[in-house]
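Structure assessment
Chain by chain, the residues run as shown.
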Amino acid sequence: MSTQSEEAAQAGSEPGRVVDPLTQLARRLASATAQDKTRGMFFLGTLDVVRAIAGEATRERCARASKERRFVPFFLYPVNDFLRLTYCAAGLLAPRLGGFDAAMKTLGEKATNDFLESAVGRTLLSVANGSPRRLVDNMPWGYAASVSYGKRTVSWSSEREGCLHVRGDFMPPPYHHGVLRAALEALGARHVRIEGRELELLDCDYSLSWE
C-alpha cells in the first residue's frame, strides 16, 4: 500500500465530523513550492512522538513518508516532505490518541516544546519574560524563525484575549491548536481557549484567550 493510501486508511475522525486526510494532504501539497521549507527539528520531533507512542516499527513506517532519512535540527527541509510525514503520523496515531485531529494537536504540541528548548526558542521565552501576551506578540517572529513561508500578525481585544492571523501556512488547524496551546501553557497560562476560523485552505484566524 502506498504512503498516501496508508494515510487515508489509517486516519481517524472526530465525532460528528467527516475527515478526509488524503484530500486535505493533496490540496496542501499542490499549494507548496520548492521554496517552502521548515526546520529539521520538527521532523525529528514528529518521529520521536511516533516512536514513543507506537514503537520503532511504526516510526520507520512513518519515516518512509519523507525523502530525507537524516535531519539536522535547524536545517530547512521541504514542507511537502513534512506534510507527508505529519499526515502519515497522525493517521497511524489516530486510533491511540482519540482521532486524527487529536493526533495532529499532539504533534503540534511537540513542535512547540522542541522549539522552546532550542536557542531561538529560549530567546523568545526571554523576550516574553513570563508574559503569555508578550509571547503571543512575538509569535510572528517565532514562526518566521521556524519556517520559510507564510505571514502571521496579532490583534488584541483585551489583555488576555486576542487573535493570531495566519496567512499562507501549510499546516492544518489542529496542528496549530497544539502549537499555540503548548506555547501559552509554557508561560503559565491557565484555562487556555483556542478557536480556529478557517478562511481559505492556507489562511486561518486563531482566537486565543486564557486566565
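Just so you know, these numbers come straight off a predicted model, no measurement behind them.

1. Remarks on the packing of aromatic side chains
Enumeration over the complete set of coordinates arrives at eight aromatic pairs. Pairing F82 with Y175 gives two aromatic rings, centres 6.1 Å apart and planes at 85 degrees, and the pair type is edge-to-face. Remark: Y175 occurs in helix α10 (residues 173-186) and F82 occurs in helix α5 (residues 79-97); sequence separation between them is 93 residues. By relative accessible area, which is 2% here, F82 ends up buried. Ring centres of Y87 and F100 lie 5.6 Å apart, and the angle between their planes is 45 degrees; on these two criteria the pair is classed as tilted. Residue Y87 is located in helix α5, and its partner F100 is located in helix α6 (residues 100-117); the two are separated by 13 residues in the primary sequence. Neither residue differs from the other here; Y87 and F100 are each classed as buried. A connected cluster of aromatic rings, assembled from ring pairs, spans F43, F71, Y77, F82 and Y175.

2. Considerations on the sheet that holds strand β6 (residues 203-209)
Spatial strand order, β3-β4-β6-β5: four strands in an open sheet with antiparallel pairing. Every interior strand has two partners, whereas the edge strands, β3 (151-158) and β5 (193-200), have only one. If you compare each strand with its neighbour and ignore which way they point, the axes differ by 20 degrees on average. When strand β4 (residues 161-167) meets β6, the two strands line up antiparallel, connected through six bridges. Each bridged residue has a counterpart across the sheet, and for V166 the counterpart in β6 is C204. The strands that helix α9 (residues 139-146) touches are β3 and β4; relative to β3, the one it contacts most, it runs at about 160 degrees.

Rules and cut-offs
- Residues numbered from 1 in each chain as written.
- Predicted model: local features only at pLDDT ≥ 70, side-chain atom pairs only at ≥ 80, totals over all residues.
- Heavy atoms only, no water.
- Phe/Tyr/Trp six-rings, centres within 6.5 Å; stacked < 30°, edge-to-face > 60°.
- Helix = DSSP H or I, 4+ residues; strand = E, 2+ residues; numbered from the N terminus.
- Buried < 20%, exposed > 50% of the residue type's maximum accessible area, 1.4 Å probe, protein only.
- Pairing = 2+ DSSP bridges.
- Axes fitted to C-alpha atoms, helices over the stretch in contact; angles between N-to-C directions.
- Contact = heavy atoms within 4.5 Å.

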